[in-house]
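Results of the structural survey
These are the residues of each chain, in order.
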Amino acid sequence: MSSPAPTPFGQLGGEAGVRALVDRFYDLMDLEPAYAGIRSLHPTSLDGSRDKLHWFLCGWLGGPDLYVQRFGHPRLRSRHLPYAIGTAERDQWMACMRQAMDERGIDPALALRLAEAFQGTADWMRNQA
Ligand code: HEM
């Protein structure tokens, strides 16, 4: 019997590890002037955004589908349509996530793999030229 392949969710340390990454991501969005553009698209309080991204990423990274259990199909692109997202916003989101992964000390090979996956999703969220 071979053990199942490790998921990114497991490699990040499960729910607590994913939460720590999400918290650093939104802390940086709040703190860093470079991310002020995407911060301004978000609500004043980031509490709900933190919970939703945490629940979503747990499932997306191969762990429990906490987002789907609460809200059903993510319909991620249509849920982002109210926000003007172009290349600048996509690139800020990616830079913020890369910095968060770096500061959390995520293994560089895993961080690279995740950045490639995030890039595809972030690019798909663009709804402006
Ligand atoms: C490309 C740049 C992106 C921008 C500017 C952006 C911005 C936003 C904003 C403003 C919200 C609403 C926050 C709230 O309701 O509290 C949101 C929600 C959300 N975003 Fe993004 N986002 C981006 C990319 C992504 C990516 C790449 C992912 C996943 C990998 C993601 C996952 C989510 C999730 C799960 C929600 C909650 C949806 C809901 O239930 O309403 N976003 N995003």
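Residues numbered from 1 in each chain as written. Predicted model: local features only at pLDDT ≥ 70, side-chain atom pairs only at ≥ 80, totals over all residues. Heavy atoms only, no water.

For the rest of this paragraph, the subject is the side chain of Arg-39. Considering the arrangement of structural elements, one finds Arg-39 in helix 3 (residues 36-39). One polar contact links the side chain of Arg-39 to the main-chain carbonyl oxygen of Thr-44, over a distance of 2.6 Å. (Helix = DSSP H or I, 4+ residues; strand = E, 2+ residues; numbered from the N terminus. Polar contact = N/O pair within 3.5 Å; in protein donor to acceptor, adjacent residues only side chain to side chain.)

So, on to helix 7 (residues 87-103). An ideal rise of 1.5 Å per residue puts 24 Å on 17 residues; helix 7 measures up with 24 Å between its terminal C-alpha atoms. Among all positions in helix 7, only Arg-90, Gln-92, Met-94, Cys-96, Met-97, Ala-100 and Met-101 are buried. Where the residues of helix 7 are buried, they touch helix 2 (14-31), helix 3, helix 4 (47-60) and helix 8 (108-124). (Expected span 1.5 Å × (residues − 1). Buried < 20%, exposed > 50% of the residue type's maximum accessible area, 1.4 Å probe, protein only. Contact = heavy atoms within 4.5 Å.)

Moving on, we come to the nonpolar core. Counting residues in each nonpolar core, the largest one holds 35 residues, and the members touching the most others are Val-18, Phe-25, Leu-57 and Met-101. Elements that contribute at least two residues to this core include exactly helix 2, helix 4, helix 5 (66-71), helix 7 and helix 8. With seven residues, the single largest contributor to this core is helix 2. When neighbours within four sequence positions are excluded, Phe-25 is seen to be in contact with Leu-53, Trp-93, Cys-96, Met-97 and Ala-100. (Core = buried A, V, L, I, M, F, W, Y, C linked by side-chain atoms within 4.5 Å.)

Residues in contact with the ligand amount to 21 residues; listed here are only the nearest, Ser-49, Lys-52, Tyr-67, His-80 and Trp-93. One nitrogen or oxygen atom from the side chain of Ser-49 is found 2.6 Å from an oxygen atom belonging to the ligand. Between the ligand and His-80, the relevant distance is 2.8 Å, taken from a nitrogen atom to a side-chain nitrogen or oxygen of the residue. Those elements that place two or more of their residues in the shell around the ligand are helix 4, helix 6 (76-80), helix 7 and helix 8. In terms of residue class, the shell around the ligand is built from 13 nonpolar, four polar and four charged. (Near = heavy atom within 4 Å. Nonpolar A, V, L, I, M, F, W, Y, C, P; charged D, E, K, R; others polar.)

Once that is clear, we can look at the packing of helix 2 against helix 4. When two helices pack together, their arrangement is given by the angle between the helix axes and by the axis-to-axis distance. Running from N to C, helix 2 and helix 4 cross one another at 140°; their axes reach a closest spacing of 9 Å. Classified by the interaxial angle, the pair formed by helix 2 and helix 4 is oblique. The hand of the helix 2/helix 4 crossing is right-handed. Facing helix 2, whose interface residues are Glu-15, Val-18, Arg-19, Val-22, Asp-23, Phe-25, Tyr-26 and Asp-27, helix 4 presents Ser-49, Arg-50, Asp-51, Leu-53, His-54, Leu-57 and Cys-58. Tallied by class, residues from the contact of helix 2 with helix 4 come to seven nonpolar, two polar and six charged. (Axes fitted to C-alpha atoms, helices over the stretch in contact; angles between N-to-C directions. Parallel < 35°, antiparallel > 145°, perpendicular 65-115°, else oblique. Left-handed = near helix turned anticlockwise from the far one by under 90°.)

Remember that the coordinates give geometry; whether it matters functionally is a separate question.
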